[in-house]
Structures are given as structure tokens and as C-alpha cells.
Amino acid sequence: MALRCAAPGRVRWLARALAGPARLLPPAAAAPSPARARPPQPSARFASTAGPGTEGPQRRVVVVRITSPFAWLRTRFYYLLIRLYFDQEFSIEEFTRGAKQAFSVVSKLLSQRKLDLLEELVSAEVLQVLKEKISLLPDSHRDALAADIDAIMYTTEGDVRIYYDDDGRKFVSILMCFWYLNGANLPDAVPGEAKVFQIVFGDENTKEKKHLLTANYEFQREFTEGAKPDWTITRIEHPRLLE
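Since we're looking at a predicted model, the values are computed, not measured. (Residues numbered from 1 in each chain as written. Predicted model: local features only at pLDDT ≥ 70, side-chain atom pairs only at ≥ 80, totals over all residues. Heavy atoms only, no water.)

On to the overall build of the protein. The helix and strand inventory of the protein stands at five helices and eight strands. Counting from the amino terminus, helix and strand elements in the protein follow one another as α-β-β-β-α-α-α-α-β-β-β-β-β. When contacts within the protein are restricted to residue pairs at least 6 apart in sequence, long-range pairs at least 24 apart make up 69% of them. With the model as given, the accessible surface of the protein reaches about 13,000 Å², and the carbon-plus-sulfur share is 52%. (Helix = DSSP H or I, 4+ residues; strand = E, 2+ residues; numbered from the N terminus. Contact = heavy atoms within 4.5 Å. Areas by Shrake-Rupley, 256 points an atom, 1.4 Å probe, with all protein chains shown as cover.)

In this section: unusual backbone geometry. One non-glycine residue, Arg113, lies in the positive phi region at around 60 degrees. Looking at the element boundaries, Arg113 is found in the loop between helix 3 (92-111) and helix 4 (124-134). Of note in this structure, Arg240 is not a glycine but carries a positive phi near 75 degrees. Here Arg240 lies in the segment after strand 8 (230-237).

So, on to helix 3. The end-to-end C-alpha distance of helix 3, which contains 20 residues, comes to 28 Å, matching closely the 28 Å that a straight helix rising 1.5 Å per residue would cover. Buried residues dominate helix 3, accounting for 15 of its 20 residues. Among the residues trailing helix 3, Arg113 stands out with phi positive, at a value near 60 degrees. (Expected span 1.5 Å × (residues − 1). Buried < 20%, exposed > 50% of the residue type's maximum accessible area, 1.4 Å probe, protein only.)

A few words on the confidence of the model for the protein. In this model, the protein carries a mean pLDDT of 76, and residues with pLDDT of at least 70 account for 64%. Mean pLDDT per element in the protein: strand 1 (residues 23-24) is the minimum at 42, and helix 3 is the maximum at 96. Note on residues 1-17: pLDDT is under 50 here. Beyond four places in sequence and across chains, it has 32 contacts. pLDDT under 50 marks residues 40-59. Its contacts with residues more than four places away, or in other chains, come to 35 contacts. (pLDDT = per-residue confidence, 0-100.)

Secondary-structure assignment places Thr155 in strand 4 (residues 152-164). The spatial distance from the C-alpha of Thr155 to the C-alpha of Asn216 is 9.9 Å, given a sequence separation of 61 residues. Setting aside chain neighbours within four positions, we find Thr155 in contact with Thr96, Lys100, Met176, Cys177 and Phe178.

Rendered as C-alpha cells:
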């Protein structure tokens, strides 16, 4: 997907992927979310293999997650509540596919510093914070924000919340966690954080080093009667890169 020619109207198609006919919510309609804890990173094992673009049989990086049964049951219970009381057509599978598309496009726009194209995708509060942080990032860290859709190795929901604000408006937010490969020239260890996973593809003559990075994006939708059936991104985290 060529993003450098994109215009604000071009990215609206992302909305339809997130929840069937829904569109991403204009930032002005987004509600402030209650305080929340940093999402726990899933326990996982990694197996490195040949990556995209290499000749010969295609192999891939496999991420094996160890899931808490309690957390799995809790999120499924919330999905049931969403279907019973908010949206009978809600499907976490459809939502996840749309969230991956949104993550890929938004992360690339962040990397390219095209923040003006995010105004209809990201809440105004989050966008203001991003503008301040992006301007301070070194080029290597900014390059590492971008996630090609084919480089997303693993996607899972981190948290699901249903809540009301002081005016009685109803909201649903879903935090999605992404693991993706990126070939940016990052140091082996980022100051103040744990060592970044590195995966080497190919043999000694053609080897290519990539980093396995994580990102957390939260999607919010208002379900108050009369509200537009739209989603917006109300939280963006790239640990070790965009703090």
C-alpha cells in the first residue's frame, strides 16, 4: 500500500473493517477513558526461520502464547455482553482483522510523521501527545514504528472494557496487542528497557536482521442511543520506542 500519496479521505475505509459497516470515530466524539494499568505482555516463545523475500520454501516466525484461562474466559464474557446489549453483529474475528489493518496504516503514518492524516483516526488528546513525542524521536526509532501488514506476526486482545461516563454515555474499548517484525537499525538494547528480540534470516552471505517489536492500540466506540456507530483509536503505545 502506497501511503505517501494518501489523503485524509483515503484512510476512512479502515472503519469498515473494524466492525462491519462501522467507521472510525471522529476524535471529537471520543470520551476520556478511566485510568488503567499497563497491559501485561503475553508470555511467548519464538522460533526464527527464513523470512519474506527469501528464496526457497517459505518459512515463518512462530509466536506461541501461553494464555491465562481466566483472562480468556473474561474477554469472551465481555464479547457476549457486547453482542447481547450493544451490537448483535459484533465479531471479534472481524474486529481483529480490521484492527490489524488500522495498526499497519497508522504506524506507517506515524513513522512518516504524517500526523495530519491521523486526525480522523486518532483522538485529539492522543494525537497531541504523539506530535510532541514524534518530534523528539531519533530516525532509527521512528523507522521502527512502521509495521507492514505482512510483518505482523501475532495479534491478541489485551483488555476489554464496558463503562459509562458522567453523562451516562455508554462506551466499549478493546485494547489490541501486536507483535511485528521491523528491520530498522536499532541498538541491541534500548536504554532503560529490556533487550529487544532479534531474528536473523538467511545464511551468512544473505542474512538479514530484524527486530521483533510490540505495540498496543486501543479502539473505542460509543454505544449510546443515537451515537454514530464508529470506532476511534484512543491509546497508542510502542514500548521501547515511543514512551
